[in-house]
Amino acid sequence: MEMLQKDMEMMADTAHPEIPAEFFALAGEKIVIETTDLDFYYSAESHALKKVNIRIPYRKVTAFIGPSGCGKSTLLRCFNRMNDLIPGSFLKGKVLIEGEDIYKNGIRLEELRKKVGMVFQKSNPFPMSVWENVAFGPRVNGITNKSELEEMVESSLKQADLWKEIKDRLQASALDLSGGQQQRLCIARTLANKPDIILMDEPASALDPISTGKIEETINELKEEYTIVIVTHNMQQAGRISDYTAFMMLGEMVEFDTTKKIFTNPKEKMTEDYITGRFG
Amino acid sequence: MERRISYFKQKGDSYIFAASLGLVISLGMVVWIILVILTRGLSFFWPRDTVLVKLQNDSAYLGEMWESKTVYRVDAEGKEHKEEQFQLKIGNRDLYGRDFIWLTRAQVSEESDPTEAVTIERREYGKFFGFIRLVQIGDERFEQPGEILIEKAQEAHRLAIATRERIENTQEDLNNLMQPLANLQREITLLQLSPQAKTEKGQQKLAELQEEATKQEQSIADEYGILNQELERLTLQNRSIILTVATAEGAEKEIYFSEIVRFFQPNMMSGPAKAWIYAGKLWEFVADEPRESNTEGGVFPAIFGTVVMVLLMSIAVVPFGVMAAIYLNEYARQGTMIRFIRLSVNNLAGVPSIVFGVFGLGFFIYAVGGSIDQFFFSDKLPEPTFGTGGILWASLTLALLTLPVVVVATEEGLLAVPRANKEGALALGATRWQMIRKVVLPNALPGILTGLILAISRGAGEVAPLMITGVVKLAPTLAIDGSFPFLHLDRKFMHLGFHIYDVGFQSPNVEAAKPMVYTTALLLIVIVVLLNLVAIYFRNRLRKKYRGSTF
């Protein structure tokens, strides 16, 4: 065991000098999101993320797991700067997306959020028609051509596995859809922006098992084309859909590895206890 | 036992009872007020039967029975006497000098309801109660009593009314003809009054204008003569259509038919016939202009003024209120400053309305209106155009008064927009403004409309600030009419709320005008309810569309 670890550390050191030891599992992957010593404070007293360093690989599904309040959603929201909306909050450290510091001055939030889409825990379709919901993103980003929009709506709904079910109801109110359909509509809405990265904040936690299954299927199909970061409470779900898993605890990143490794042979005792259900 | 009492206390039944009693009392009072206004307001127009009362002292009165009551009077020996009193509306103000008398039963020797008694509503001096003696149409005279007389009277009335209309039309033609000349003469007068008149240049201009006036006078002289002759002929014709009536005591009185609004014989009329008269009077009330210093006729100008003012107020208050609320809620950084501003806005709602009136007078009328006059209407000075009360200034004053209501309701509407929807929009790359326009505002619209509803309710009933910013007892013209530029923002206007005050407390004949107060109040309530219903209808439609929000 000790030998193996030493071996791998050596490998990491020689082959990819820029990758820190804890990310040796990512050898050979292209890195899309990278944080260095990221600290996030909701207020001066509330320190939510502590010196988090993470690497998110290109076109893979990365899952964040951990008990409630461990900061996984907070970390996710740092990637598209949704935390900016919280008055009094501030951040230290760096977040690089495709090599660019997204917290430096002069970054256009709209551009960033178009590139880094987000699906929320609770489905939040706008009180408009299905079509208008999906076309919302392209429209606010300046696309007005009707046929172009039609095309985008159709392809996004197809990608989100929703087209077959609701192609005849595009003008119906999005609020009339079922909960699972609403969440897939929100995924389609995000896809319509043609993002590079999709952040998913417990996308299936409010859904029944069948709808959850459909969402997971969709995610499996999407990872061919998108980098996906998903926060989940559901260990089995993380095991089923993700390639890499990060375990977080009290605002710190405890362990990052391939999902298989985390679930079968975690390095840290804490990770093992959590996975096996001894706490959390 | 003690335990039971404490349980009773715990349950708090007595407090629940007290609370429900409070509700019952409030509801009861609201229902009572509405019932009083409804019955008094609506019964005013019903044609009442007339009674002929002969008294012990040989005098006699014909009139409507209005009220009766029992009073106890103590005589010189200390004995108590019961006395039945009743109030009779005797009309005939031109003869008796008063509309009502109180009589005691003991004074009455004979009481009857003569079928041939007529009630005549006149344009002046109120109602006349009496008997038809003679109908004159030119040289024709009819005086046999009976149905034919009534028919002839009706014929004469139709003729007189038609002639009256022609007179009015001719007068209007005459006015239109004279208008350019009148303008010119006004200019001459103003020039003569101004210091400019003493200069040589002024004299020259004056001479020019006078020459122009003479020219115009000559050119319209012929037409003026024809119209004037026509007017004279029609007036004379109407003077020859005369109704002679007699009072209960037999005194005769001549009335021109053209001065009669309507007449009928209430004691021989059937229910439907009375209902027809009732409907006619109701329509007259809603659609006609007031007569007799507002105590009779209609209140159409007041309805019109109220509605136009409320609409102008809404147009002014909604955009400002919504913009303020959006800034406070969505853009401003929440802190002490914003808290202070919000507190000030809320306190603004508690400022007495007359203070707003004074502000409107000082700021809108004298400062803004005065400047407008100096820059754009200096030729008309010293006669003010915008520098005096008008519907625009009154509406703006009320808009200011209702601004806090709209701001607060809009803010609540904005707060009710689900955070998830806002975040969803931002996460899709929308700017803050795009988020507000496409997600927040549509969602908050029901809340904004709630604000508008409250503003209308408050604004439509407000009188005090209007009295110093443009309301008048009688406005000769409406704020919107057919002459350019159609919407006359500088005009003074009439208002139902002020009308109530004016009719009820400022009219020369308060007793006769009392029912009018109830009717006008009823109308004001109806209009406020109608305006609210329109807003509520739109709010419900929006609510259906945006089920997510709670407003």
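Rules used throughout
- Residues numbered from 1 in each chain as written.
- Chains lettered and ligands numbered in written order.
- Predicted model: local features only at pLDDT ≥ 70, side-chain atom pairs only at ≥ 80, totals over all residues.
- Heavy atoms only, no water.
- Helix = DSSP H or I, 4+ residues; strand = E, 2+ residues; numbered from the N terminus.
- Buried < 20%, exposed > 50% of the residue type's maximum accessible area, 1.4 Å probe, protein only.
- Expected span 1.5 Å × (residues − 1).
- Bend = angle between axes of the 7 residues up to and from the residue.
- Contact = heavy atoms within 4.5 Å.
- Buried area = accessible area lost by both parts, 1.4 Å probe.
- Salt bridge = Lys/Arg side-chain N within 4 Å of Asp/Glu carboxyl O.
- Disulfide = S-S within 2.5 Å.
- Pairing = 2+ DSSP bridges.
- Axes fitted to C-alpha atoms, helices over the stretch in contact; angles between N-to-C directions.
- Patch = residues over 30% accessible without salt bridge, like charges linked within 9 Å, V, L, I, M, F, W, Y side chains within 5 Å.
- Areas by Shrake-Rupley, 256 points an atom, 1.4 Å probe, with all protein chains shown as cover.
- Core = buried A, V, L, I, M, F, W, Y, C linked by side-chain atoms within 4.5 Å.
- pLDDT = per-residue confidence, 0-100.
- Polar contact = N/O pair within 3.5 Å; in protein donor to acceptor, adjacent residues only side chain to side chain.
- Domains from an automatic or database assignment.
- Nonpolar A, V, L, I, M, F, W, Y, C, P; charged D, E, K, R; others polar.

### Notes on the environment of B:Lys201
Residues and elements named next belong to chain B.
Step number 1: Position of Lys201 among the secondary structure elements: in helix α5 (residues 200–239).
Step number 2: For Lys201, a relative accessible area of 70% translates into the label exposed.
Step number 3: The spatial distance from the C-alpha of Lys201 to the C-alpha of Asn238 is 51 Å, given a sequence separation of 37 residues.

### Examining helix α10 (residues 391–415) of chain B
Residue and element names in this part refer to chain B.
Step number 1: Helix length check: α10, at 25 residues, gives a terminal C-alpha distance of 35 Å against a target of 36 Å (1.5 Å per residue), a fit within 8%.
Step number 2: At Thr402, α10 is deflected by roughly 45°, the largest bend along its length, and proline Pro404 occurs up to four residues later in sequence.
Step number 3: Among the 25 residues in α10, 19 count as buried, and that is most of the element.

### As for the interface of chain A and chain B
Step number 1: Taken residue by residue, the interface counts 26 residues in chain A and 20 residues in chain B.
Step number 2: When the buried surface of chain A facing chain B is broken down by residue, A:Leu85, A:Pro127 and A:Val140 rank first, second and third, together holding 27% of it.
Step number 3: Scanning the region where chain A abuts chain B turns up one salt bridge.
Step number 4: Where A:Arg77 meets B:Glu423, a salt bridge forms, and the shortest distance between an N and an O atom there is 2.9 Å.

### Regarding the pattern of salt bridges
All names here are of chain B.
Step number 1: Evaluation of the coordinates by the stated rule reveals 36 salt bridges over all chains.
Step number 2: Two residues, Glu423 and Arg419, come together in a salt bridge whose shortest N-O distance is 2.9 Å. On the criterion of helical spacing, the pair formed by Glu423 and Arg419 is a turn pair, its members being four residues apart in helix α11 (residues 419–427).
Step number 3: Its salt-bridge partner being Asp502, residue Lys473 comes within 3.1 Å of it at the nearest N-O pair. In this pair, Lys473 is assigned in the loop between α13 (464–467) and α14 (496–506) and Asp502 in helix α14, connecting sequence segments 29 residues apart.
Step number 4: Residue Lys473 is classed as partly exposed on the basis of its relative accessible area, which comes to 33%.
Step number 5: Connected via shared salt-bridge partners are Glu121, Arg262, Lys281 and Glu284.

### Thoughts on the state of the cysteines
Residue and element names in this part refer to chain A.
Step number 1: Summed over the entire model, instances satisfying the criterion amount to zero disulfides over all chains.
Step number 2: Cysteine Cys70 shares no disulfide, and the gap to the nearest cysteine sulfur, in Cys78, comes to 13 Å.
Step number 3: For Cys78, a relative accessible area of 0% translates into the label buried.

### Focus on the sheet that holds strand β4 (residues 100–104) of chain B
All names here are of chain B.
Step number 1: Strand order in the open sheet formed by five strands is β4-β3-β2-β1-β5, with antiparallel pairing between adjacent strands. Two strands lie at the open edges of the sheet, namely β4 and β5 (108–112), each paired on one side alone. Pairs of neighbouring strands in the sheet enclose a mean axial angle of 35°, with direction left out of account.
Step number 2: Bridge count for strand β3 (residues 80–89) against β4 is five bridges, and the pairing is antiparallel. The partner of Gln87 across the bridge, within β4, is Trp102.

### Re unusual backbone geometry
Step number 1: Phi angles above zero are rare outside glycine, and A:Lys51 is one such case at about 45°.
Step number 2: With respect to the helices, strands and loops of the structure, A:Lys51 is situated in strand β2 (residues 47–57).
Step number 3: The class of A:Lys51 is exposed, set by a relative accessible area of 53%.
Step number 4: Backbone geometry at B:Asp58 places phi at a positive 70°, although glycine is not the residue there.
Step number 5: What makes B:Asp58 exposed here is its relative accessible area of 70%.

### Observations regarding a nonpolar patch on the surface
Residues and elements named next belong to chain B.
Step number 1: Among the surface-exposed residues, Val30, Val31, Trp32, Ile33, Ile34, Leu35, Leu38 and Leu42 lie close enough to one another that they form a single nonpolar patch of about 730 Å² accessible area.
Step number 2: Its location among the elements puts Leu42 in helix α2 (residues 13–43).
Step number 3: Judged by relative accessible area, which is 35%, Leu42 ranks as partly exposed.

### Examining the sheet that holds strand β10 (residues 252–258) of chain A
All names here are of chain A.
Step number 1: Across the sheet, six strands lie side by side as β6-β7-β8-β3-β9-β10; this open sheet has mixed pairing. Either end of the sheet is taken by a strand with one partner, and the two such strands are β6 (116–119) and β10. Within this sheet the neighbouring strands show an average axis-to-axis angle of 20°, counted without direction.
Step number 2: With four bridges joining them, β6 and strand β7 (residues 197–201) adopt parallel strand pairing. Looking across to β7, one finds that Met118 is bridged to Leu199.
Step number 3: Packed on one face of the sheet, helix α8 (residues 209–222) meets β3 (61–65), β7 and β8 (227–231) and runs near 150° to β8.

### Points about the nonpolar core
Step number 1: Counting residues in each nonpolar core, the largest one holds 61 residues, and the members touching the most others are A:Ile33, A:Ile54, A:Phe64, A:Leu75, A:Phe79, A:Phe136 and A:Val229.
Step number 2: A total of seven residues in this core trace back to one element, the largest contributor, which is helix α12 (residues 432–461) of chain B.
Step number 3: Beyond its immediate chain neighbours, meaning those up to four positions away, A:Phe64 contacts A:Ile54, A:Ile56, A:Lys72, A:Leu75, A:Leu76, A:Phe79, A:Val229, A:Ile230, A:Val231, A:Thr232 and A:Ala246.
Step number 4: Counting residues in hydrophobic clusters, the runner-up holds 49 residues, among them B:Tyr278, B:Ile303, B:Ala460 and B:Ala521.

### Here we look at the confidence of the model for chain A
Residue and element names in this part refer to chain A.
Step number 1: Of the residues in chain A, 92% have a pLDDT of 70 or more, and the chain-wide mean is 86.
Step number 2: Within chain A, the element-level pLDDT minimum falls on helix α1 (residues 2–15), averaging 50, and the maximum on β8, averaging 94.
Step number 3: Note that residues 10–17 has pLDDT below 50 and, in this model, five contacts with residues that lie over four places away or in other chains.

### What to know about the side chain of A:Thr190
Step number 1: Position of A:Thr190 among the secondary structure elements: in helix α7 (residues 179–191).
Step number 2: Since its relative accessible area comes to 4%, A:Thr190 is described here as buried.
Step number 3: Engagement of the side chain of A:Thr190 in a polar contact is seen with the backbone oxygen of A:Met118, the distance being 3.4 Å.
Step number 4: Look past the residues within four positions of A:Thr190 in its chain and what remains in contact with it is A:Gly117, A:Met118, A:Val119, A:Pro195, A:Ile198 and B:Leu428.

### Concerning the domain arrangement of chain B
All names here are of chain B.
Step number 1: Assigned domains of chain B: these are domain 1 (50–115), domain 2 (140–239) and domain 3 (303–547).
Step number 2: One C-alpha centre belongs to domain 1, the other to domain 3, and the line joining them spans 50 Å.
Step number 3: In this assembly, five residues from domain 1 lie in contact with four residues from domain 3.
Step number 4: When domain 1 packs against domain 3, close to 350 Å² is buried across both sides, 53% of that on carbon and sulfur atoms.
Step number 5: On the surface where domain 1 and domain 3 come into contact, there are zero salt bridges.
Step number 6: The interface formed by domain 1 and domain 3 holds zero residue pairs in polar contact (both at pLDDT 80 or more) in total.
Step number 7: Across the side of domain 1 that touches domain 3, the residue classes tally to two nonpolar, one polar and two charged.

### Observations regarding the environment of B:Glu383
Step number 1: With respect to the secondary-structure elements, B:Glu383 resides in the loop between α9 (353–376) and α10.
Step number 2: With ten residues separating them in the primary sequence, B:Glu383 and B:Asp373 have C-alpha atoms 9.2 Å apart.

### Regarding the pairing of β7(A)
Residue and element names in this part refer to chain A.
Step number 1: Taken across its five residues, β7 has five buried, putting it largely inside the fold.
Step number 2: Going residue by residue along β7, you find Ile197, Leu199 and Asp201 tucked away on one face and Ile198 and Met200 tucked away on the opposite face as well.
Step number 3: Relative to β8, β7 runs parallel, the two sharing five bridges. The residue of β8 that forms the bridge with Met200 is Ile230.

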